[in-house]
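# Working through the structure, step by step
Here's the letter readout for the chains.
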Amino acid sequence: MSTLKPLQIDVVSDVVCPWCYIGKHRIESALALVPDVPVKLNFRPFFLNPWVPREGISREAYLTQKFGSVEAYKAIAGRVVAAAVEEGLIYKPELVARQPNTTDCHRLILWAEAIGKAPEMKQRLMELYFRDGGDLTDVNVLVQAAADIGLDAEDVRKRLATDEDVARVSADAQEAAEKGISGVPTYVFAQKYAVSGAQDPNLLARAIRQVSAEINAEAAQ
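Below: a short report on this structure. Small disclaimer: the values here were computed from a predicted structure and weren't measured.

With that settled, consider the overall build of the protein chain. On a plain count of helices and strands, the protein chain comes out with nine helices and six strands. Since a compact globule built from 221 residues should have a radius of gyration of about 17 Å, the 18 Å found for the protein chain is in line with a globular shape. The principal-axis extents of the C-alpha atoms in the protein chain amount to approximately 55 × 40 × 30 Å. Considering the protein chain as a whole, with its 221 residues, one finds that 46% of them fall into the buried category. Counted over contacts in the protein chain with a minimum sequence separation of 6, partners at least 24 positions apart contribute 75%. Carbon together with sulfur atoms contributes 53% to the accessible area of the protein chain, which is approximately 10,800 Å² in total. Averaging the positions of the 25 positive and the 30 negative side-chain charges in the protein chain gives two centres separated by 2 Å.

Written as structure tokens, this is what we have:
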């Protein structure tokens with residue numbers, strides 16, 4: 001019996017995008033529906049708010065610039081909070097005090113990928129932000145998050161103080177934008193089919209099965 005070729009799925013998303021938080025859970029739910037299909041899941045960077053400076057800005061200033069006012073966001077947030085609850089996730093927008101630039105978050109995910117822990121790193125950062133209102137511009141918060149999933153705290157602290165992989169993360173995010181990805185999460189199957197939005201796990205599972213069958217049929221020819 002021949003072994004199936006793993007299906008590569010690139011999840012293009014940002015740590016501070018609430019639909020990406022929900023979308024991560026949904027792709028993981030989809031994978032659980034197709035346990036017989038081998039998949040290689042990669043997390044790729046995207047900057048939802050590239051204009052936010054590296055040091056971050058106050059949440060109030062961010063919401064005012066992006067949505068017109070803090071009140072204007074409240075109406076939108078309610079729908080996202082409800083969608084998160086349906087997934088068993090917690091989003092407490094009122095706890096978020098600072099809007100980060102996510103360059104350093106994406107660096108941590110990249111470094112966690114080297115030890116096979118990218119999903120855990122991404123999840124930890126998202127929980128800190130959405131559930132706990134954690135300040136992702138605080139190096140101590142980032143170092144602790146990295147340590148929580150098994151990275152060496154002091155090593156991470158030293159690396160964050162340098163520009164290591166800043167250019168790489170920026171280039172990867174730029175590449176996604178140049179490929180036409182403007183809304184996240186976007187799931188890219190086998191580097192050729194893109195599905196945008198936090199889609200239903202059943203739909204994602206069908207896509208996984210279909211594209212896997214296609215790439216394996218091509219490989220068998």
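This brings us to the pattern of salt bridges. Under the criterion given, the structure shown has 18 salt bridges. A salt bridge links E154 to R157; the shortest N-O distance between them is 3.9 Å. Here E154 and its partner R157 are both found in helix 7 (residues 153-160), three residues apart, which amounts to about one turn of the helix. Judged by its relative accessible area of 45%, E154 is partly exposed. On the basis of relative accessible area, R157 is assigned to the partly exposed category, the value being 30%. Where D155 meets R159, a salt bridge forms, and the shortest distance between an N and an O atom there is 3.4 Å. Taken as a pair, D155 and R159 lie in helix 7 at a separation of four residues, close to a single helical turn. The network of salt bridges with common partners includes R124, E127, R131, D132 and D148.

Here R168 shows up in helix 8 (residues 166-178). Considering only alpha carbons, one finds R168 and K192, 24 residues apart in sequence, at a separation of 22 Å.

Here we have four strands laid out as an open sheet, ordered 2-1-5-6, and mixed in their pairing. Edge positions in the sheet fall to strand 2 (39-45) and strand 6 (193-196), since each of these pairs with one other strand and no more. The average undirected angle you get between the axes of adjacent strands in this sheet is 20 degrees. Pairing analysis gives four bridges linking strand 5 (residues 186-189) to strand 6, with the strands arranged antiparallel. Of the residues in strand 6, the one forming a bridge with V188 is A194.

The amide bond that connects V184 to the next residue, P185, takes the cis arrangement and shows omega of 5 degrees. Mapping P185 onto the fold places it in the loop between helix 8 and strand 5. The phi dihedral of D165 falls on the positive side, at around 65 degrees, and the residue is not glycine. Here D165 is to be found in the loop between helix 7 and helix 8. Note on D165: relative accessible area 22%, which makes it partly exposed.

This part covers the nonpolar core. Of all hydrophobic cores here, the largest spans 67 residues; its most connected members are L108, M121, L125, L136, Y187, F189 and I208. Of all the elements, helix 5 (residues 118-131) adds the most residues to this core, at seven residues. Among all residues touching M121, those that are not within four sequence positions of it are L108, I109, A112, A145, A146, I149 and L151.

With that out of the way, let us pick up the side chain of D104. In this fold, D104 is placed in helix 4 (residues 103-113). In terms of polar contacts, D104 uses its side chain to reach the side chain of R107, at 2.8 Å. For D104, the contacting residues outside a window of four places in its chain are R54, L142 and L160.

The next point concerns helix 5. For helix 5, spanning 14 residues, the distance from its first C-alpha to its last is 19 Å, which sits close to the expected 20 Å at 1.5 Å a residue. Extensive coverage of helix 5 is indicated by the burial of ten of its 14 residues. Among the residues of helix 5, those classed as buried are A118, M121, K122, Q123, R124, L125, M126, L128, Y129 and F130. At the C-terminal side of helix 5, G133 shows a positive phi close to 65 degrees.

The rules behind each value
- Residues numbered from 1 in each chain as written.
- Predicted model: local features only at pLDDT ≥ 70, side-chain atom pairs only at ≥ 80, totals over all residues.
- Heavy atoms only, no water.
- Helix = DSSP H or I, 4+ residues; strand = E, 2+ residues; numbered from the N terminus.
- Rg over C-alpha atoms; globule rule 2.2 N^0.38 Å.
- Buried < 20%, exposed > 50% of the residue type's maximum accessible area, 1.4 Å probe, protein only.
- Contact = heavy atoms within 4.5 Å.
- Areas by Shrake-Rupley, 256 points an atom, 1.4 Å probe, with all protein chains shown as cover.
- Lys, Arg positive; Asp, Glu negative; His and termini not counted.
- Charge placed at Lys NZ, Arg CZ, Asp CG, Glu CD.
- Salt bridge = Lys/Arg side-chain N within 4 Å of Asp/Glu carboxyl O.
- Pairing = 2+ DSSP bridges.
- Axes fitted to C-alpha atoms, helices over the stretch in contact; angles between N-to-C directions.
- Core = buried A, V, L, I, M, F, W, Y, C linked by side-chain atoms within 4.5 Å.
- Polar contact = N/O pair within 3.5 Å; in protein donor to acceptor, adjacent residues only side chain to side chain.
- Expected span 1.5 Å × (residues − 1).

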